[in-house]
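Close look at the chain arrangement
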Amino acid sequence: MNLLQRVFIIALLAVPLAACDSNDGSAEKLGENVDKALDETRDKLDDTADEIKDGVEDACEEASDKNC
């Protein structure tokens, strides 16, 4: 394998690494913001569902004097 072939192979292997840019574009930042908003919304809905469940269990226990 001559020098030119080696350089060509190294260049081909380096191209994918160069394509991975750490600078996020506006679409990437928008996507991250959407992901964050969805995560926060899911967490709030989970908390609310837990509070509703606890309230229903408490009301059931008060009404029947049993574990519901």
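Up top you'll find the structure we're talking about.
Residues numbered from 1 in each chain as written. Predicted model: local features only at pLDDT ≥ 70, side-chain atom pairs only at ≥ 80, totals over all residues. Heavy atoms only, no water.

Counted under the stated rule, the structure contains two salt bridges. Measuring nitrogen to oxygen at the nearest pair gives 3.0 Å for the salt bridge that ties R42 to D39. With R42 and D39 both in helix α2 (residues 26–64) and three residues apart, this pair spans about one turn of that helix. Under the relative-accessibility criterion, R42 is labelled partly exposed at 46%. Under the relative-accessibility criterion, D39 is labelled partly exposed at 35%. Of the charged contacts in the structure, one is a salt bridge between K53 and E57, with a shortest N-O distance of 3.9 Å. (Salt bridge = Lys/Arg side-chain N within 4 Å of Asp/Glu carboxyl O. Helix = DSSP H or I, 4+ residues; strand = E, 2+ residues; numbered from the N terminus. Buried < 20%, exposed > 50% of the residue type's maximum accessible area, 1.4 Å probe, protein only.)

Attention now moves to α2. Helix length check: α2, at 39 residues, gives a terminal C-alpha distance of 57 Å against a target of 57 Å (1.5 Å per residue), a fit within 8%. Within two residues after α2, D65 carries a phi angle of roughly 55°, on the positive side. (Expected span 1.5 Å × (residues − 1).)

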